Amino acid sequence: MKMKEIIGTIGIFKYTILMIVSTCWVMVQHIPYVPLGLLVIIYSLGKQKLKIYIPFVLMSIMGFIGTGIYFNSYTTTRTMIATGKTFDSSHFNLGFRFGTSTMNYLLRDDRIVIFNDGKYSETVKNGQTYVENFEKAFHENNSSFMVENFLYKNGITKEKVKTFFEEMKQAKYLSNGSTYMGYIYWVYPKDLNHTELSLFYKVEFEKESERYGTLMYRLVLDEKIKLTKISMFKENKKFKILKGLK
C-alpha cells in the first residue's frame, strides 16, 4: 500500500490525527523512553514498505525532541521546613509539549555555580570565621553555639536545632574535617539592608547508607552573623567554581 492509498483510505483528517499521535511518548523522570504513538501506528498499519513509516518516524523524533504528546511519570523530593525531613511523592500527567524541552533537559548543566574569588573577601572572611567557630563547638560537642546563633523562623525552635545537632553528631558530619570550596552572595535591594551568604565546604560522611560530599552553610549577615540553614549534597553532586575576580 502506498502513502496516497493510505490517505485515500482513511482520509486526510484521520491521517493528520495519526501524525500527531505518532509524537506520543511515555516518559520517566521527564525523559522519553517508549515511542508509544509510533508503536501503535506500526501495529495498526501492519507490514508496509519502509517509506510508509518515514513520516511517522519523523514525527516521533519530533516528539522525542520536545514537541508532541506525552505521558510522564516522575517523583519529586520535598523537604519539610519545620523538621528538615524529606519525603518522595509520585506524579503522573498526560499533556502536550511544544519546543525542545527534552533536549534542553538532557543538555542542561545541573552543576551548582559557586564563586571563589576576592569580590566579597571581607564578607566571606567573616562567614568563614563563623564556620570555624561552629566547627570548633561541634567537635567539642557544644550545641549552645549553634542554638544561640541560629535564625529562628518557619517553625524552627531551639529544641529542633538541638535535635538536628545531635543528628549531625551521629552522622559524623565533620569527623574528617572540611575544606572551603566557595560561596554564593545573595543580592537583595539596598533598602532591605539585608545580606545573606552561602558557604560551601567539601566534607565526607555517610547518612542513612548514602554518601555525602558537601555541606552548605547559609548565613544571614546583618548586625550579627546567624545560621539560617545547613544543606547536605550527595557525593556525586557537581559544582562549577568560578575564580578570578579581585
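Residues numbered from 1 in each chain as written. Predicted model: local features only at pLDDT ≥ 70, side-chain atom pairs only at ≥ 80, totals over all residues. Heavy atoms only, no water.

Moving on: helix α3 (residues 36-45). Within the span of α3, buried status applies to G37, L38, I41 and L45. Along the axis of α3, the buried residues cluster in a sector spanning 95°; they form a single face. One or two residues past the end of α3 sits G46, with phi positive at roughly 75°. (Buried < 20%, exposed > 50% of the residue type's maximum accessible area, 1.4 Å probe, protein only. Helix = DSSP H or I, 4+ residues; strand = E, 2+ residues; numbered from the N terminus. Arc of directions from axis to C-beta.)

Take the side chain of T195 next. Looking at the element boundaries, T195 is found in the loop between β6 (179-186) and β7 (196-207). In this structure T195 comes out as buried when scored by relative accessible area, which is 19%.

Right, let's get into the side chain of K207. Looking at the element boundaries, K207 is found in strand β7. In this structure, K207 is buried with no salt-bridge partner, the nearest side chain bearing the opposite charge being E167 at 4.8 Å. Residues in contact with K207, not counting those within four places in the same chain, are A171, Y173, Y212 and M232. (Lys, Arg positive; Asp, Glu negative; His and termini not counted. Salt bridge = Lys/Arg side-chain N within 4 Å of Asp/Glu carboxyl O. Contact = heavy atoms within 4.5 Å.)

Bringing the environment of S73 into the picture now. In this fold, S73 is placed in strand β3 (residues 68-79). Residue classification places S73 among the partly exposed positions, given a relative accessible area of 23%. Measuring from C-alpha to C-alpha, the distance between S73 and Q29 comes to 6.1 Å, with 44 residues separating the pair along the chain. If near-sequence neighbours (up to four positions away) are discounted, S73 is found in contact with M27, V28, Q29, H91 and F92.

So, on to the pairing of strand β2 (residues 31-34). Relative to β2, strand β1 (residues 25-28) runs antiparallel, the two sharing three bridges. If you follow M27 over to β2, its bridge partner there is P32. (Pairing = 2+ DSSP bridges.)

By the definition in use, this model includes five salt bridges. Between E140 and K136 there is a salt bridge whose closest N-O contact spans 2.8 Å. The residue E210 makes a salt bridge to K234 at a minimum N-O spacing of 2.8 Å. With E210 in strand β8 (residues 210-221) and K234 in strand β9 (residues 225-234), this residue pair connects regions lying 24 residues apart in the sequence. Residue classification places K234 among the partly exposed residues on the basis of a relative accessible area of 38%.

Along the chain, G118 falls in the loop between β5 (112-116) and α6 (121-139). Using a relative accessible area of 27% as the deciding quantity, one classes G118 as partly exposed. Note: C-alpha distance between G118 and K243 (125 residues apart in sequence) is 8.5 Å.

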